[in-house]
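Structural description and commentary
For reference, the chains in residue letters:
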Amino acid sequence: MNKEISSHRSVHGLKPECLSFTEVLAQSFAVIAPTTIPASNIGLIVALSGNGTWLSFLIGLIGLLFVSININQFASRSASPGSLYSYISKGLGPMAGVICGWSLVLAYLLTGMSVLCGFANFSGMFFGHLGIHPSSITLLAIGAGISWYAAYKDIQISAVAMLLMEGVSIFLIAILCIIIWAHKGFVLDISQLTLSSTTPGSVATGLVLVMFAFSGFESATSLGDEAKHPLQTIPKAVKGSVILAGLFYIATTYIEVLGFSGTGVSITKTEEPLGFLSQQAGVGFLGELVALGALLSFFACILGSINPAARVFFLMARHGLFHSSLGTAHSSNKTPHVAVTMCSLITFLVPAFMSLCHIKLFESMGYLGAICSYGFLTVYILISVAAPVYLYNIRQLRLRDVLFSVLAVGFMIIPVLGSIGIPGSKLFPVPEAPYDLFPYLFLFYLVVTCGWFNIKRLRSPNLVAGMRQGIEEIHARFSDRKIP
């Protein structure tokens, strides 16, 4: 009998071996939510990268492919609900693991918040066409509430729902983009291909939001207990989601920027770019279908963000880092129901507070998306450093593994420099307010959370030993699995 099948059973109380490869891939795709970018957010990125937006996506695709290779050094050898938290803890130790855990929690929750704002904004416009005008708070509550119920009830139902919603949306957008390009006569956009009026700094700055566009591709790693054949399905989902999303982004970005040329309307000021372009191409009804599909995609992303955030909280709580109630699984649903409820509530409360402060939903979406990118960038850099260290410790390090690590870190440094900027530099100018403050807010967050961990460690001398034991037990379950 296959050793993985015989040994892989959930020791955490979650529903074991219930998700197929397609459903695991759906988890990563749901958090990426590729349809939300061309349907709503693309203007935010074009405002930064201009005609080089497609290049920002290409660089992001290449860089994250290297990151996925480093993630899969762990994912092909062990699996757990802790996602990259357990991997980095194994490779670099408890402190790096805690930094990763808090960064992941922030990243997934802010992704959910950002997309919840997008859901409320988009659904508000959609219902407005029908003469219905619900309040922003109501729409935020609906999006968070339905997502909570699906995540609370059953991970398999969640996965199937996310797969259907994202699949329909991608198909509709692909059809519409072909029609838009045909309306333009399938011409080549020389201004984009020659990067007209584009600077390296603008491409690098745009990479910050490009990281947000790809963010969550690694979230399939949080399904380690629930995936069938996790050492095969999870690595394939991690790498496959990056490639598929990247190709989709490059193609749709090129066509949309081309579609807006000569219209006298700026894509950076348009909240429903595909709706506008469908009208220009004479297929307005298809634009309405795409809007509905994008609405479902926003919802799938909220759900997809709550699932991994809750599982990271769940495993960290079982290691003594949070209250033990967060580490409990529902007796019948086999879901981390307490952690799911807390994550859903936080995901609703922050955007609701921003709405009460009269911050527009579209602006909130951009702010939250930019901040969450720092969480993902931190984690991607840490996992790329942890991979060769881990391979060295198990005596399987090769020269190409070091090269993949260096390349991944190098690519991730580009958006870091683009987001922070270098004073007086034209290549990496300091971003405009309030984006210039976001890196320092994230750094303050890390200082506070690491300080909290150190205080907790001093009060509980056995905390670190317990973390190490928990991580070792996870990896020991797969220690006899042969890696090609």
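Residues numbered from 1 in each chain as written. Predicted model: local features only at pLDDT ≥ 70, side-chain atom pairs only at ≥ 80, totals over all residues. Heavy atoms only, no water.

1. Notes on the overall build of the protein chain
Along the protein chain, the regular secondary structure elements total 18 helices and 0 strands. For the protein chain, whose C-alpha radius of gyration is 22 Å, the value lies close to the compact-globule estimate of 23 Å for 484 residues. Referenced to the eigenvectors of the C-alpha coordinate spread, the extents of the protein chain come out at roughly 65 × 45 × 45 Å. The long-range fraction of contacts in the protein chain, counting pairs at least 24 apart against all pairs at least 6 apart in sequence, stands at 83%. Approximately 18500 Å² of the protein chain is accessible, and the part contributed by carbon and sulfur atoms is 69%. Taking the 26 positively charged and 20 negatively charged side chains of the protein chain as two groups, their mean positions are separated by 11 Å. (Helix = DSSP H or I, 4+ residues; strand = E, 2+ residues; numbered from the N terminus. Rg over C-alpha atoms; globule rule 2.2 N^0.38 Å. Contact = heavy atoms within 4.5 Å. Areas by Shrake-Rupley, 256 points an atom, 1.4 Å probe, with all protein chains shown as cover. Lys, Arg positive; Asp, Glu negative; His and termini not counted. Charge placed at Lys NZ, Arg CZ, Asp CG, Glu CD.)

2. Overview of the side chain of histidine 337
Inspection of the secondary structure puts histidine 337 in helix H14 (residues 337–356). Ignoring anything within four residues of it in the chain, the contact list for histidine 337 reads Tyr152, Thr328, Ala329 and His330.

3. Description of the packing of helix H11 (residues 230–260) against helix H12 (residues 273–280)
Interaxial distance between H11 and H12 falls to 10 Å at its minimum, and their mutual angle equals 55°. Put simply, H11 runs oblique to H12. Here the hand of the crossing between H11 and H12 comes out left-handed. Where H11 abuts H12, its residues Glu256, Gly259 and Phe260 lie against Pro273, Leu274, Phe276 and Leu277. Tallied by class, residues from the contact of H11 with H12 come to 5 nonpolar, 1 polar and 1 charged. (Axes fitted to C-alpha atoms, helices over the stretch in contact; angles between N-to-C directions. Parallel < 35°, antiparallel > 145°, perpendicular 65-115°, else oblique. Left-handed = near helix turned anticlockwise from the far one by under 90°. Nonpolar A, V, L, I, M, F, W, Y, C, P; charged D, E, K, R; others polar.)

4. What about helix H13 (residues 284–318)?
Here H13 spans 51 Å end to end across 35 residues, near enough to the 51 Å set by a 1.5 Å rise per residue. The first or second residue beyond H13 is glycine 320, which carries a positive phi of 90°. (Expected span 1.5 Å × (residues − 1).)

5. Quick look at the packing of aromatic side chains
Using the criterion set out here, one finds 26 aromatic pairs in the structure. Aromatic ring contacts, followed pair by pair, group Trp102, Phe313, Phe322, Tyr374, Phe442, Tyr445 and Trp452 into a single cluster. (Phe/Tyr/Trp six-rings, centres within 6.5 Å; stacked < 30°, edge-to-face > 60°.)

6. A word on the nonpolar core
Counting residues in each nonpolar core, the largest one holds 149 residues, and the members touching the most others are Phe57, Leu64, Val67, Tyr85, Phe214, Phe217 and Tyr249. In terms of residue count, the dominant contributor to this core is helix H6 (residues 94–128) (20 residues). When near neighbours in sequence (up to four residues on either side) are disregarded, tyrosine 249 contacts Ile32, Ala33, Pro34, Ile37, Phe57, Ala213 and Phe214. (Core = buried A, V, L, I, M, F, W, Y, C linked by side-chain atoms within 4.5 Å. Buried < 20%, exposed > 50% of the residue type's maximum accessible area, 1.4 Å probe, protein only.)

7. Quick notes on the packing of helix H3 (residues 36–49) against helix H10 (residues 200–214)
With their axes 8 Å apart at the nearest point, H3 and H10 run at an angle of 155° to one another. Viewed along their axes, H3 and H10 adopt a mutual orientation that is roughly antiparallel. H3 and H10 meet at a crossing whose hand is right-handed. From H3, Ile37, Asn41, Leu44, Ile45, Leu48 and Ser49 reach across to H10, where they touch Ser202, Val203, Thr205, Gly206, Leu209, Val210, Phe212 and Ala213.

8. A short note on the layout of surface pockets
The method is simple in principle: a probe with the dimensions of a water molecule rolls over the atoms, and the space it marks as empty is what remains. A volume near 640 Å³ is recorded for the largest pocket. Residue lining of the largest pocket: 26 residues in total, with Leu44, Ala47, Leu48, Glu432 and Tyr435 positioned closest to the centre. Broken down by element, the residue count for the lining of the largest pocket peaks at 6 residues, all from helix H15 (residues 361–393). (1 Å grid on protein atoms, 1.4 Å probe; cavity = no way out; pocket = protein on both sides within 12 Å on 5 of 7 lines; lining within 4 Å. Points joined across faces, edges and corners; volume = space filled by probe spheres on them.)

9. A look at helix H18 (residues 463–476)
Taking 1.5 Å of rise per residue, the 14 residues of H18 would be expected to cover 20 Å, and the 20 Å separating its terminal C-alpha atoms lies within 8% of that figure. Within H18, the full set of buried residues consists of Leu463, Val464, Met467, Gly470, Ile471, Ile474 and His475. End-on view of H18: buried residues confined to an arc of 135°, all on one side of the axis. Summarising the contacts, the buried residues of H18 are in contact with helix H5 (84–92), H6, H13, H15 and helix H17 (438–459). (Arc of directions from axis to C-beta.)

10. Let's talk about the state of the cysteines
Enumeration over the complete set of coordinates arrives at 0 disulfides. Free cysteine: cysteine 343, not disulfide-bonded; nearest cysteine sulfur from cysteine 301 at 14 Å. Cysteine cysteine 357 remains unbridged, with the sulfur of cysteine 117 as its closest cysteine sulfur at 12 Å. You can call cysteine 357 partly exposed: its relative accessible area is 40%. (Disulfide = S-S within 2.5 Å.)

11. Here's the deal with the side chain of serine 89
Inspection of the secondary structure puts serine 89 in helix H5. Side-chain polar atoms of serine 89 contact the backbone oxygen of tyrosine 85, separated by 2.8 Å. (Polar contact = N/O pair within 3.5 Å; in protein donor to acceptor, adjacent residues only side chain to side chain.)

12. Thoughts on the pattern of salt bridges
Two side chains that carry opposite charge are able to pair once their charged atoms sit near each other. Tallying each qualifying case throughout the model produces 3 salt bridges. For the salt bridge of glutamate 472 with lysine 90, the shortest nitrogen-to-oxygen distance reads 2.9 Å. In this pair, glutamate 472 sits in helix H18 while lysine 90 sits in helix H5, placing the two residues 382 residues apart along the sequence. Judged by its relative accessible area of 23%, lysine 90 falls in the partly exposed class. The partner of glutamate 226 in a salt bridge is arginine 311, with the nearest N and O atoms 3.0 Å apart. With a gap of 85 residues between them, glutamate 226 in the loop between H10 and H11 and arginine 311 in helix H13 connect regions that are remote in the sequence. Here glutamate 226 and arginine 311 have matching classes, each one buried. (Salt bridge = Lys/Arg side-chain N within 4 Å of Asp/Glu carboxyl O.)

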